[in-house]
Amino acid sequence: MSELIRKNASELVDLLKSGQVSSVEVTQAHLDRTAAVDGAVHSYLHVGPEAALAAAADIDRRRAAGEPLHELAGLPIAVKDNLTTTDAPTTSGSKILEGWVPQYDATVVKKLRDAGMPILGKTNLDEFAMGSSTEFSAYGPSRNPWDLDRIPGGSGGGSSSVVASFQAPLAIGSDTGGSIRYPAFVTGTVGTKPTYGAVSRYGLIALASSLDQIGPVSRNVLDAALLQDVIAGHDPHDSTSLPESLGSMTEAAKKLDVKGMRIGVIKQLTGAGFQPGVSARFNESLELLTNAGAEIVEVDCPSFEYAIAAYYLILPAEASSNLAKFDSVRFGLRVTPEGAPTIERVMAATREAGFGPEVKRRIILGTYALSSGYYDAYYGSAQKVRTLIQRDFDAAFAKADVLVSPTAPTTAFKLGEKLEDPLAMYLNDIATIPANLAGIPGMAIPNGLAEDTNLPSGIQLLAPARADARLYQVGAALEKMHEDVWGKRMIDFAPELEVRG
């Protein structure tokens, strides 16, 4: 295995800038790794070696010619397959979009290309990002590199596993209720959901438009900061895009100081219901923060009790509306039934064949919640709970600079373990959902192995809207504290994957 693939993204950037390695060498090393291990991990739905190597060669040529280049030029990256790309299929993990190649790049993809970052491929996800395990992908599940019999999280299990298995130094994910942070938690990686509107959603195949946010997946906090600085910024194509800059996340990540900061522990997201090993690692993280000069305070967020119920009314309602465009007429799959087909019969046959069980479940639930006579009782009530959750956050941030909790109640469960119990699957998101309902930024970083499973555990950091820099400052500082204790990176504890010879 090439040592290049084990280096952090920031280390690779330094090697590229100094000319010690070429972008073609770095890109090829990751493509070779994918050829060796992705048959077992299944992180990718599409790999584009020709396009990636061509982009890398172009950067090498420009660097040799002395042209000014972006900081991350030549660094390869993987992209979640719900972001449109003109040179590769975009399926969103669904049969209804199998083989569809869009006519435009998502804004985030365009920013990556403009920065000169070769795109290695498109990563696997639960169909239309609906799931917590990647088991609802129409193309089969991804697997956790720490244990191939376990889930890599969802919906962005492909993006987390591609980074954890050293197939890419960085990846792009999307987070609707924890789909960046939960996969990071179970794979020992770092995942960030920026403030809603900080990163353009133009070109993201929408699940729930008021909840979705694109963000970075990496192996350390500094790498995530470098990537967020690339993809963030105002976009006139996105009406929800923030007009102002949130500053440099990279500079925040380099501060490595928490002295005098108030760290709020969310009362409702600790204790009962959390795996003992997860709670133990969380308490150790709090002790490290205290020793570094931070003040730990407890905050009360009583409305969080209703967050999952509200989320699973708001999300299906918005999803049922967003997915109405997949009607067999404009693009994607078309199934023509026997007999005298009408547009209604073709649409019904196409959606029956093209959508998987979880998508159908949420469309039905969302349509019901929006139907006449039930809108106020269900969707309207859920939006009121959303307002209460936002108020709970406002009160909590009056007492603390950053809030913390375990990222999820338990470490990675086995593939198939919760497929027959949707509610149990939904409960994985109990700690991550509130941030999406409030539009605030969140970050998940690893904090050790839970001794009861010997699998990755993690801590979630939350900050007020537009205060993403606080996450990077605290996250990078805590990460260094942990690595000083461990003597190495979290990812270096992972067992080596068996590769094909």
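Before reading further, recall that the structure is shown in the block above.
What you see is a predicted model; the values in this text were computed from it and never measured. (Residues numbered from 1 in each chain as written. Predicted model: local features only at pLDDT ≥ 70, side-chain atom pairs only at ≥ 80, totals over all residues. Heavy atoms only, no water.)

A. Main features of the packing of helix α10 (residues 307-322) against helix α12 (residues 357-370). Interhelical geometry of α10 versus α12 gives an angle of 100° and a closest axis separation of 7 Å. With respect to each other, α10 and α12 are oriented roughly perpendicular. In this structure, α10 uses Tyr312, Leu313, Leu315, Pro316, Ala317 and Ser320 to contact α12, whose residues at the interface are Arg362, Ile363, Leu365, Gly366, Thr367, Ala369 and Leu370. Across the contact of α10 with α12, the residue classes tally to nine nonpolar, three polar and one charged. (Axes fitted to C-alpha atoms, helices over the stretch in contact; angles between N-to-C directions. Helix = DSSP H or I, 4+ residues; strand = E, 2+ residues; numbered from the N terminus. Parallel < 35°, antiparallel > 145°, perpendicular 65-115°, else oblique. Contact = heavy atoms within 4.5 Å. Nonpolar A, V, L, I, M, F, W, Y, C, P; charged D, E, K, R; others polar.)

B. Looking closely at a nonpolar patch on the surface. Taken together, the side chains of Tyr368, Tyr374 and Tyr378 define a hydrophobic patch exposed on the protein surface, amounting to about 280 Å² of accessible area. Tracing the backbone shows Tyr368 in helix α12. On the basis of relative accessible area, Tyr368 is assigned to the partly exposed category, the value being 41%. (Patch = residues over 30% accessible without salt bridge, like charges linked within 9 Å, V, L, I, M, F, W, Y side chains within 5 Å. Areas by Shrake-Rupley, 256 points an atom, 1.4 Å probe, with all protein chains shown as cover. Salt bridge = Lys/Arg side-chain N within 4 Å of Asp/Glu carboxyl O. Buried < 20%, exposed > 50% of the residue type's maximum accessible area, 1.4 Å probe, protein only.)

C. Looking closely at the packing of aromatic side chains. A complete count under the given rule lists 15 aromatic pairs for this structure. Taking 5.9 Å as the distance between ring centres and 75° as the angle between the ring planes, the aromatic pair formed by Phe128 and Phe355 counts as edge-to-face. Taken as a pair, Phe128 in the loop between β3 (119-123) and α5 (157-164) and Phe355 in the loop between α11 (343-354) and α12 lie far apart in primary sequence, 227 residues in all. A relative accessible area of 1% means that Phe128 is categorised as buried. Between Tyr311 and Tyr312, the aromatic rings sit 4.8 Å apart at their centres with planes inclined by 85°, giving edge-to-face as the arrangement. (Phe/Tyr/Trp six-rings, centres within 6.5 Å; stacked < 30°, edge-to-face > 60°.)

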